[in-house]
Amino acid sequence: ASRGDDVDVRYAGTLASDGSKFDSAAHFRFTLGAGDVIKGWDQAVVGMQVGEKVRLEVPPALGYGKKGAPPEIPPNSTLIFEVTLNAIIK
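### Considering the overall build of the protein chain
Of regular secondary structure, the protein chain possesses one helix and four strands. Walking the protein chain from its N terminus toward its C terminus, one meets helices and strands in the order β-β-α-β-β. Considered along the principal axes of its C-alpha atoms, the protein chain spans approximately 35 × 20 × 15 Å. In the protein chain, the share of contacts with a sequence separation of at least 24, taken over all contacts with a separation of at least 6, comes to 56%. As displayed, the protein chain offers around 5,100 Å² of accessible surface, 50% of which is attributable to carbon and sulfur atoms. For the protein chain, the distance from the average site of its 10 positive side-chain charges to the average site of its 11 negative ones is 3 Å.

### What to know about the pattern of salt bridges
Summed over all chains, the structure comprises one salt bridge. In this structure, Arg55 and Glu82 form a salt bridge, with 4.0 Å as the shortest nitrogen-oxygen distance. A residue pair is termed long-range when its members are at least 10 positions apart, and Arg55 in strand β3 (residues 53–58) and Glu82 in strand β4 (residues 79–89) qualify at 27 residues.

### Topic: the packing of aromatic side chains
Counted according to the given criterion, the structure contains eight aromatic pairs. Seen in terms of ring centroids, Tyr11 and Trp41 are 4.9 Å apart; in terms of plane orientation they differ by 80°. Their pairing is edge-to-face. Of this pair, Tyr11 sits in strand β1 (residues 6–15) while Trp41 sits in helix α1 (residues 39–44), placing them 30 residues apart in sequence. On the basis of relative accessible area, Trp41 is assigned to the buried category, the value being 4%. Site record: aromatic cluster; members linked through ring pairs are Tyr11, Phe22, Phe28, Phe30, Trp41 and Phe81.

About the criteria used
Residues numbered from 1 in each chain as written. Predicted model: local features only at pLDDT ≥ 70, side-chain atom pairs only at ≥ 80, totals over all residues. Heavy atoms only, no water. Helix = DSSP H or I, 4+ residues; strand = E, 2+ residues; numbered from the N terminus. Contact = heavy atoms within 4.5 Å. Areas by Shrake-Rupley, 256 points an atom, 1.4 Å probe, with all protein chains shown as cover. Lys, Arg positive; Asp, Glu negative; His and termini not counted. Charge placed at Lys NZ, Arg CZ, Asp CG, Glu CD. Salt bridge = Lys/Arg side-chain N within 4 Å of Asp/Glu carboxyl O. Phe/Tyr/Trp six-rings, centres within 6.5 Å; stacked < 30°, edge-to-face > 60°. Buried < 20%, exposed > 50% of the residue type's maximum accessible area, 1.4 Å probe, protein only.

Here it is, written out as structure tokens:
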């Protein structure tokens, strides 16, 4: 996958602090590199191949930072994502 590609991913997100799941989806579409998602995703999905699964550990600076995303994601949270690239839509 390259910047500017529309991609479809499957993911599950958990908090690194306690493993609690805060979000998941079988299909989530976004434009890679357009700022549609957190910075950690925009950086990590570049270079992935269709069908590839990765485990991302996203520090607060590349996630939701000092504000978090209450109530699910506390401030300054490190996030763990299991991400599979389902498709590249061109």
